[in-house]
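Each chain, written out:
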Amino acid sequence: MNPAALLILAVFAALLRGGAFPPEPPQAPAAPPAGAWDLDYGAYLAESCAACHGGATPGVPALEGRPFAELHEALEAYASGARRHDQMGVVARSLTPEERGHVAAWFAGRP
Amino acid sequence: MSSPLRPASALTRRGFGKLTLGAAAFGLATPSLAQGAAPRLVVVGAGPGGATLARYAAQGGGLSVTLIDENPHHITCPFSNYYLGGLYAFEDLIHGFDKLKAAGIEVVQGRATDLDREGKAVILADGTRIPYDSLVLAPGVDFKWEAVEGYTPEIAETLIPHAYKAGPQTRLLRAQLDALEDGGAVIVAVPGNPYRCPPGPYERVSLIAHLLKSTGRTRSKILLLDAKSSFSKQALFEQGWTRHYPGMVEWVPAEFTGGGFAQVDAEAKTVKGLSGEVFAGDVINFIPPQKAGAIARLGGLSGEGDWAQVLPETLQSAHDPDIVILGDAAAQGDMPKSAFSANSQAKAAAAALRARLLSERAFPPRYLNTCWSLIEVGDAVKIGATYQAGAEKIETAEPFISEVGESAETRKATEAEAYAWYDSFVRDVWG
Ligand SMILES: Cc1cc2nc3c(=O)[nH]c(=O)nc-3n(C[C@H](O)[C@H](O)[C@H](O)COP(=O)(O)OP(=O)(O)OC[C@H]3O[C@@H](n4cnc5c(N)ncnc54)[C@H](O)[C@@H]3O)c2cc1C
């Protein structure tokens, strides 16, 4: 069997195991080149997040060091209403698209 | 998480040099600036507003920050209702200032009694002068003792606690509730707007009901005497009381109280409404009407009113640009008097102060608030909003509120958020 056929088989097997189609590749922008986001501004915006996201209690997740794409997508989804949460909806909509990028990039860059 | 640290950029030093020159050249009354020393920021009040401000303003260095509080620690009102309901330890409401000191903040214990605005100094009760270049006042509220006959600080401390500043009175109220017999009556009397924590009294009623119910005293009644004819999250609370505490809570609105209270009789254990009607209770929690803490009403800082007028963009006093006033003491526009609001305002004000004093980059203010209320274990609701600096006042941008028909999982998740917020918030404020 040639390599291409093997690949197709492997994809099939994966589909069968998962019982669903593979997820769409993420549509969010790839991690930006260094310097594209304003990290000083991101740090300031992140101060607001610290009120709720700074604890060690389940109920509100920590944000430091999470991948940029995950944080950015989440903020976009809250802003559009695709993902629903009272506070996060109004918070995400109070930020401009650029500001959502700045703050996501700042958190992604934290240890 | 450690709170975000704004990197001190090279711009800071350059900007500071420029400011020093300017101050010296124009002979401004900023002695420390003229000498090239770090500008002196003095903060009165180490509650959610003042402590957050001191902490965020100190980050990045370049300022000498002094924080004055009359107490050696702060006891939070947030979660004090949980304590009353038997759901939280009193000790866990107490927050010391050691981490603030470790962050380079000088903490001074003393009561600020006067301001010398010409000479730019705060004066403490023992006569000590603490000079400032910029001053922040976050003293919280004072009670209008003059408003209700028979209700005095002494009565509040011994017989009829307000428990609306957390401390010994919170414990006194809990002890009185613990001693209440099944079938007894509790009065919670609530003032008209504005007062600190609009949903606070209604959460308190809920958690008193929880305490009574969980100790088998379901024949007891809570009489909620209100100066108002509607209240925060009303539909949510009323539904919760019917669901969890049937027959235990009775709300008596302005139509029956007369929209306020004329008299408290500690001997007879009665409260008299402006309507003339007299209500009796075995335990009475009387929450008096409020105004800004005294230091924020000195020298016209609150104009003709009860609260200190501030500029929406920076929270500088409308009457003195060298003074910032925030938290409960300020006339904060559409924002409710909450610890969350005070914490949010403090961050915006700290960034604005650093921009003014150190010529750092200025960022637009960001204001938000959420007030969670626990109605019964596993059933919490919330209300909140984002805000923006309008021309005249801080204005609501986008509000939200829990829904009456929400699922039990949502209410449980909201409860988890409330606990997570308190944990996170106290770290954000006191380190
Ligand atoms: C029962 C109850 C429940 C609440 N629950 C919540 C909640 O769940 N969430 C929420 O966000 N808010 C809640 N609040 C509201 C919250 O407590 C206040 O809005 C908040 O404390 C305001 O913070 P502040 O810093 O402005 O003032 P304060 O917290 O009052 O702090 C003022 C500080 O200044 C000090 N001080 C005052 N005057 C002087 C002086 N002259 N010299 C020296 N020191 C001085 C005081 O000792 C105090 O430490 C609740 C309030 C109550 C009463």
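Residues numbered from 1 in each chain as written. Chains lettered and ligands numbered in written order. Predicted model: local features only at pLDDT ≥ 70, side-chain atom pairs only at ≥ 80, totals over all residues. Heavy atoms only, no water.

Peer 1: I would appreciate a short explanation of the confidence of the model for chain B in the present structure.
Peer 2: A low pLDDT score tells you not to read the predicted coordinates there in detail. For chain B, the average pLDDT comes to 93, and 92% of its residues sit at 70 or higher. This complex was scored by the predictor with a pTM of 0.90 and an ipTM of 0.90. (pLDDT = per-residue confidence, 0-100.)

Peer 1: How should I be thinking about the interface of chain B and chain A in this particular structure?
Peer 2: Interfaces are often sized by the amount of accessible area the parts lose when they come together. In this assembly, 36 residues from chain B lie in contact with 32 residues from chain A. Across the chain B/chain A interface, buried area totals approximately 3000 Å², and carbon plus sulfur atoms make up 55% of it. The interface formed by chain B and chain A holds two salt bridges in total. Between E398(B) and R93(A) there is a salt bridge whose closest N-O contact spans 2.9 Å. Linking chain B to chain A there are 14 residue pairs in polar contact (both at pLDDT 80 or more). With ten residues, the single largest contributor to the side of chain B that touches chain A is helix 12 (residues 408-430) of chain B. (Contact = heavy atoms within 4.5 Å. Buried area = accessible area lost by both parts, 1.4 Å probe. Salt bridge = Lys/Arg side-chain N within 4 Å of Asp/Glu carboxyl O. Polar contact = N/O pair within 3.5 Å; in protein donor to acceptor, adjacent residues only side chain to side chain. Helix = DSSP H or I, 4+ residues; strand = E, 2+ residues; numbered from the N terminus.)

Peer 1: Teacher, can you tell me more about the site of the ligand here?
Peer 2: All names here are of chain B. Neighbouring the ligand are 33 residues; G49, D69, R196, D328 and F340 lie closest to it. At 3.4 Å, a backbone N or O of S338 approaches an oxygen atom of the ligand. With respect to the ligand, the backbone of A339 contributes an N or O atom lying 2.9 Å from an oxygen atom. Listed by contribution, the elements that provide at least two residues to the shell around the ligand are helix 3 (48-58), strand 2 (64-69), helix 4 (80-84) and helix 11 (339-358). (Near = heavy atom within 4 Å.)

Peer 1: I keep staring at the packing of aromatic side chains and nothing clicks. Help me out?
Peer 2: Between two aromatic rings, the relevant description is the distance of the centres plus the angle of the planes. Residues and elements named next belong to chain B. Following the criterion strictly, the structure yields 30 aromatic pairs over all chains and no others. Taken together, a centroid distance of 5.4 Å and an interplanar angle of 80° make the contact between F79 and Y419 edge-to-face. Here F79 is found in the loop between strand 3 (73-75) and helix 4, whereas its partner Y419 is found in helix 12, with 340 residues between them in sequence. The class for Y419 is partly exposed, based on a relative accessible area of 26%. Of the aromatic side chains, those joined through ring pairs into one cluster are F79, Y82, Y88, F340, W372, Y419, W421, Y422, F425 and W430. Directly above the aromatic system of Y83 lies the positively charged group of R174, at a separation of 5.4 Å from the ring centroid. Lying across the ring of W307, K337 places its NZ or CZ 3.8 Å from the centre. (Phe/Tyr/Trp six-rings, centres within 6.5 Å; stacked < 30°, edge-to-face > 60°. Buried < 20%, exposed > 50% of the residue type's maximum accessible area, 1.4 Å probe, protein only. Lys NZ or Arg CZ within 6 Å of the ring centre and 35° of its normal.)

Peer 1: Help me understand the nonpolar core, please; the structure alone is not making it clear to me.
Peer 2: Here is a general trend for soluble globular proteins: nonpolar side chains tend to be buried in one another's company. All names here are of chain B. Ranked by size, the top nonpolar core spans 136 residues in total, and within it L53, V122, W241 and I325 carry the most contacts. Counting contributing residues, this core receives three or more from each of domain 1 (6-142 + 291-363) and domain 2 (146-288). If near-sequence neighbours (up to four positions away) are discounted, W241 is found in contact with Y202, V205, S206, L224, F231, P246, V249 and I375. Counting 18 residues, the second-largest nonpolar core is a separate cluster that includes I160, A189, L223 and A266. (Core = buried A, V, L, I, M, F, W, Y, C linked by side-chain atoms within 4.5 Å. Domains from an automatic or database assignment.)

Peer 1: Explanation requested: the sheet that holds strand 5 (residues 106-109) of chain B in the structure shown.
Peer 2: Within a sheet, adjacent strands bond to each other through the backbone by hydrogen bonds, running parallel or antiparallel. Residues and elements named next belong to chain B. An order of 5-2-1-9-20 is seen for the five strands of this open sheet, with the pairing classed as parallel. With one partner strand each, in any of the chains shown, strand 5 and strand 20 (323-325) form the two edges of the open sheet. Pairwise comparison of adjacent strand axes, ignoring direction, gives a mean angle of 20° for this sheet. Sheet analysis places strand 9 (residues 134-137) next to strand 20, joined by three bridges and oriented parallel. Bridge assignment links V136 to a residue of strand 20, and that residue is V324. (Pairing = 2+ DSSP bridges. Axes fitted to C-alpha atoms, helices over the stretch in contact; angles between N-to-C directions.)

Peer 1: Explanation requested: the pairing of strand 11 (residues 185-190) of chain B in the structure shown.
Peer 2: Remember that side chains alternate between the two faces of the sheet whenever the strand is regular. Residue and element names in this part refer to chain B. The buried count for strand 11 comes to five of six residues, which makes it a mostly enclosed element. Two elements, strand 11 and strand 12 (residues 221-226), share six bridges in a ladder whose sense is parallel. In the strand pairing of strand 12, I187 is matched with L223. In terms of handedness, the path from strand 11 via helix 8 (residues 200-214) over to strand 12 forms a crossover that is right-handed. Bridge analysis of strand 11 against strand 17 (residues 283-286) gives four bridges, and the strand direction is parallel. Paired with V188 across the two strands is N285, which belongs to strand 17. (Right-handed = clockwise from strand over helix to strand, strands pointing away.)

Peer 1: Where do I start with the side chain of D226(B) in this structure?
Peer 2: Residue and element names in this part refer to chain B. As for its placement among the helices and strands, D226 is situated in strand 12. In terms of polar contacts, D226 uses its side chain to reach the backbone amide nitrogen of K228, at 3.0 Å. With sequence-adjacent residues up to four places away left out, D226 is seen in contact with V190, P191, Y202, F231, W251, V252, P253, A254, T257 and F261.

Peer 1: Would you mind showing me how to read the domain arrangement of chain B here?
Peer 2: All names here are of chain B. Splitting chain B by domain gives domain 1 (6-142 + 291-363) and domain 2 (146-288). Measuring from the centre of the C-alpha atoms in domain 1 to the corresponding centre in domain 2 gives 33 Å. Every contact between the two is made by 21 residues of domain 1 and, on the other side, 20 residues of domain 2. The contact between domain 1 and domain 2 buries some 1900 Å² in all, and 59% of this surface belongs to carbon and sulfur atoms. Three residues, N81, Y83 and L84, lead the burial of domain 1 against domain 2; their summed loss comes to 33% of the area buried on that side. Scanning the region where domain 1 abuts domain 2 turns up four salt bridges.

Peer 1: What am I meant to see in helix 2 (residues 39-53) of chain A here?
Peer 2: In an α-helix, one full turn covers 3.6 residues, which means residues spaced three or four apart are oriented alike. Its maximal kink placed at E47(A), helix 2 of chain A deviates by approximately 35°. Summarising burial for helix 2 of chain A: twelve of the 15 residues are buried, a large majority. Restricting attention to buried positions, one finds in helix 2 of chain A the residues Y41(A), G42(A), A43(A), Y44(A), L45(A), A46(A), E47(A), S48(A), A50(A), A51(A), C52(A) and H53(A). Buried residues along helix 2 of chain A sit in contact with helix 4 (86-93) and helix 5 (97-108) of chain A together with helix 3, helix 11, strand 22 (367-376) and helix 12 of chain B. Of the residues flanking the start of helix 2 of chain A, the one acting as N-cap is D38(A), its side-chain oxygen 3.4 Å from the backbone nitrogen of D40(A). (Bend = angle between axes of the 7 residues up to and from the residue.)

Peer 1: So what exactly am I meant to see when it comes to the sheet that holds strand 8 (residues 129-131) of chain B here?
Peer 2: Residue and element names in this part refer to chain B. Read from one edge of the open sheet, three strands run 6-7-8, paired in antiparallel fashion. Only two strands of the sheet have a single neighbouring strand rather than two, namely strand 6 (112-116) and strand 8. Direction aside, the axes of adjacent strands within the sheet are offset by 25° on average. One ladder, built from four bridges, connects strand 6 with strand 7 (residues 121-124); its direction is antiparallel.

Peer 1: Help me out: how do you make sense of helix 8 of chain B in this one?
Peer 2: Residues and elements named next belong to chain B. Between its terminal C-alpha atoms helix 8 stretches 21 Å, which fits the 21 Å expected from 15 residues at 1.5 Å a residue. Taken across its 15 residues, helix 8 has 13 buried, putting it largely inside the fold. Positioned one or two residues after helix 8, G216 has a phi angle of 70°, which is positive. (Expected span 1.5 Å × (residues − 1).)

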